[in-house]
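Spelled out from the first residue to the last, the chains are:
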Amino acid sequence: MPAGLLILLYLCAALLPLGLAWAQGLEARSIFDELASGAGILALAVILAEFLLLGRYRFVARRVGTDIVMRMHQLLARGAAALAVAHPFLYTTRRAPAPDWDVGRQFFVTHELSAIWPGMIAWLLLPALVLMAIGRNALGYRYETWRLMHGLGAALIAGFGVLHTLRAGRYSADPTMATVWLALLGVALFALAYVYVLTPLAQLRRPWRVAAVAPVAERTWEVTLRPARDFAFRYRAGQFAWLNIGHRPFGPHENPFSISSAPSAGPEVSFIIKELGDFTRTIGQVKPGTRAYLDGPHGHLTVTDHKAPGVALIAGGVGIAPMMGILRELHASGDTRPTALIYGNRNAAQIACRDELEELARAHGTRLGHVLCDPPEGWTGEVGFVTPELLRAHFGDAEHREWLYVLCGPPAMLEAVEDALIGLGVPSGNILSERFSYD
Ligand SMILES: Cc1cc2nc3c(=O)[nH]c(=O)nc-3n(C[C@H](O)[C@H](O)[C@H](O)COP(=O)(O)OP(=O)(O)OC[C@H]3O[C@@H](n4cnc5c(N)ncnc54)[C@H](O)[C@@H]3O)c2cc1C
């Protein structure tokens, strides 16, 4: 299914309640009353559709890209929160108990507590949830705690929001509209259950064991997993998976990491992991034999589907992880396309898999360009950052415009490199990039 069709389906789900409300053809009230109802309906529909943008559904993320899905999730949540906050203030009709003859709540905006309280809870929770997501790092919550609160908070907002519209909404008095709300709530809760219940249940049947943990650079490790039972994990080089080491699959203990092994190398799967926070800082102490679970593969950073005449990999820091998978696979599968790797680091100690990269460059003919900000004495590689000038020197001629460019690294570097490549005439469709942070 093409990405455009997925976006169209999403828009249909988010706009369906508004369309149904309009189709009822009810007598129009003041413009502000109609805007108030429209804002409430749209906000609730967007929130329910948000559950489809969790970045965890392969059929969505594979086509659109996980970072784009997450960006949409963030932006739409902010839009929905703004609409929801405005919703009660826009009404101009006087609030009064609806008389018996106004069964469909056509002429009165209800103020009955039983109809209002679920809406008030959702109304308070939604902006709080959005603000907590925006300020997550500043608030200092552990990522796992935040994720749990985010999921629970979202489920409560969805449930209370639907209860409110069923009890108070003018348009939701219509049975078709009420059924649609319940169906959308069902889809949203199923989407949550798919990630937090069904996926972990499936993982129980596909356990892994840690086979090895080896240092590959300063504070950076390569962790290799082996299937603990007889099953096949099919992935493409450059994809990522959610890794859970040493915990049961139910719960928040899973982190996304790019797969650094080559699919054709066998059933073992490897990850290059840099120490950063509470989980990754313990990675070097993980003992072989520890049980692990994987949710994946996810991600669209793959080169095998692209027919470009050459492949350029541009990595910063631990962004080398998916590139290792891609390079190892291109070499193992005998792909004859010319390849280049531009790999930026702060210092030489941070270069991961340095010997293997030299070896791959020799054996596969990959043009290898190391870039260091803080080079050691006698360094013969590039110095500084991956700049537009450096990219022009490597990829400035017409032949390189047709190549496929795969980018992974710090967000600032990705943006600068994307702009520079587009400036060199590379079509945006030939640039694949992945961020390691969705903030
Ligand atoms: C698609 C993708 C691929 C990645 N690939 C790699 C890789 O190959 N190698 C590597 O070293 N790092 C990779 N990362 C980053 C890695 O996921 C984080 O460094 C790691 O989760 C930090 O966990 P922590 O508990 O040690 O740190 P914490 O201090 O808990 O978190 C530090 C930051 O990492 C992010 N993070 C933490 N937990 C999660 C989570 N469960 N889901 C999403 N983000 C989280 C958050 O932005 C958080 O602020 C990748 C991230 C993404 C999104």
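The rules behind each value
Residues numbered from 1 in each chain as written. Predicted model: local features only at pLDDT ≥ 70, side-chain atom pairs only at ≥ 80, totals over all residues. Heavy atoms only, no water. Core = buried A, V, L, I, M, F, W, Y, C linked by side-chain atoms within 4.5 Å. Buried < 20%, exposed > 50% of the residue type's maximum accessible area, 1.4 Å probe, protein only. Helix = DSSP H or I, 4+ residues; strand = E, 2+ residues; numbered from the N terminus. Contact = heavy atoms within 4.5 Å. Near = heavy atom within 4 Å. Polar contact = N/O pair within 3.5 Å; in protein donor to acceptor, adjacent residues only side chain to side chain. Areas by Shrake-Rupley, 256 points an atom, 1.4 Å probe, with all protein chains shown as cover. Phe/Tyr/Trp six-rings, centres within 6.5 Å; stacked < 30°, edge-to-face > 60°. Lys NZ or Arg CZ within 6 Å of the ring centre and 35° of its normal. Pairing = 2+ DSSP bridges. Axes fitted to C-alpha atoms, helices over the stretch in contact; angles between N-to-C directions. Parallel < 35°, antiparallel > 145°, perpendicular 65-115°, else oblique. Left-handed = near helix turned anticlockwise from the far one by under 90°. Nonpolar A, V, L, I, M, F, W, Y, C, P; charged D, E, K, R; others polar.

Draft legend 1. Up close: the nonpolar core. Leu48, Phe51, Leu126 and Trp181 are the most contacted members of the largest nonpolar core, which has 40 residues in total. Residue assignment for this core shows that the elements contributing at least two residues are helix H1 (3–23), helix H2 (31–50), helix H3 (58–64), helix H4 (66–90), helix H5 (113–134), helix H7 (143–168) and helix H8 (175–204). The dominant element in this core, judged by the number of residues it contributes, is H8, at 9 residues. With residues up to four places along the chain from it excluded, the contact list for Phe51 reads Tyr57, Ala154, Ala155, Ala158, Ala188, Ala191 and Leu192. Within the second largest apolar cluster, 32 residues are counted, among which are Val216, Leu301, Ala308 and Ala315.

Draft legend 2. Inspection of the site of the ligand at higher detail. The local shell around the ligand holds 25 residues, among which Glu254, Pro256, Lys274, Asp278 and Thr280 are the closest. Contact distances for the ligand include 2.8 Å between an oxygen atom and a side-chain N or O atom of Asn255. Contact between the ligand and Thr280: an oxygen atom at 2.5 Å from a side-chain N or O atom of the residue. In isolation the ligand exposes 880 Å². Once the protein is present, 90% of that is buried.

Draft legend 3. Up close: the packing of aromatic side chains. Within the structure shown, the criterion is met by 10 aromatic pairs. Measuring from ring centre to ring centre gives 5.6 Å for Trp117 and Phe160, while their planes differ by 65 degrees; the resulting arrangement is edge-to-face. In this pair, Trp117 is assigned in helix H5 and Phe160 in helix H7, connecting sequence segments 43 residues apart. Residues Phe257 and Phe279 carry aromatic rings whose centres are separated by 6.0 Å and whose planes lie at 45 degrees to one another, so their mutual orientation is tilted. Separated by 22 residues along the polypeptide, Phe257 in strand S4 (residues 255–258) and Phe279 in the loop between strand S5 (269–274) and strand S6 (291–298) bring together distant segments of the chain. For the pair shown, Phe257 and Phe279 are each scored as buried. Among the aromatic residues, those joined into a ring-pair cluster are Trp208, Phe231, Phe233 and Tyr235. In this structure, Arg56 packs its charged tip against the face of Trp242, placed 3.8 Å from the ring centre. Lying across the ring of Trp146, Arg136 places its NZ or CZ 5.0 Å from the centre.

Draft legend 4. View of the sheet that holds strand S10 (residues 382–383). The strand order across the open sheet built from 6 strands is S10-S9-S8-S7-S11-S12, with neighbouring strands paired in parallel fashion. What marks the edges here is a single partner per strand, and that holds for S10 and strand S12 (431–434). One ladder, built from 6 bridges, connects strand S7 (residues 311–316) with strand S8 (residues 339–345); its direction is parallel. Bridge pairing in S8 places Ile314 opposite Ile342.

Draft legend 5. Summary view of the sheet that holds strand S3 (residues 240–245). Taken in spatial order, the 6 strands line up as S4-S3-S6-S1-S2-S5 in an open sheet, and their pairing is antiparallel. Two strands close off the open sheet at either side, each with one partner strand: S4 and S5. Strand-to-strand, the axes of this sheet are offset by a mean angle of 40 degrees, without reference to chain direction. Bridge count for strand S2 (residues 220–227) against S5 is 6 bridges, and the pairing is antiparallel. From the neighbouring strand, Val223 faces S5, where its bridge partner is Phe271.

Draft legend 6. Layout of the side chain of His400. In this structure, His400 sits in the loop between helix H11 (388–395) and strand S11 (404–408). At 3.1 Å, the side chain of His400 forms a polar contact with the side chain of Arg367. Other than its neighbours up to four places away in sequence, His400 contacts Arg367, His394, Phe395, Tyr405 and Val426.

Draft legend 7. Expanded view of the side chain of Arg337. Along the chain, Arg337 turns up in the loop between helix H9 (320–332) and S8. Only 3.1 Å separates the side chain of Arg337 from the backbone oxygen of Ala308, close enough to count as a polar contact. Ignoring any residue separated from it by four or fewer positions in sequence, one finds Arg337 in contact with Val303, His306, Lys307, Ala308, Pro309, Gly310, Val311, Leu330 and His364.

Draft legend 8. View of the packing of H2 against H4. Relative orientation of the contacting elements H2 and H4 amounts to 150 degrees, with a least axis distance of 8 Å. Classed by the angle they form, the pair H2 and H4 counts as roughly antiparallel. The two elements H2 and H4 cross, and the hand of that crossing is left-handed. Residues Phe32, Asp33, Leu35, Ala36, Ser37, Ala39, Gly40, Leu42, Ala43, Val46, Ile47 and Glu50 of H2 touch H4, and the partners they reach there are Met72, His73, Leu76, Ala77, Ala80, Leu83, Ala84, His87 and Leu90. For the contact of H2 with H4, the per-class residue count stands at 15 nonpolar, 4 polar and 2 charged.

Function-wise, these values are silent; they only describe arrangement.
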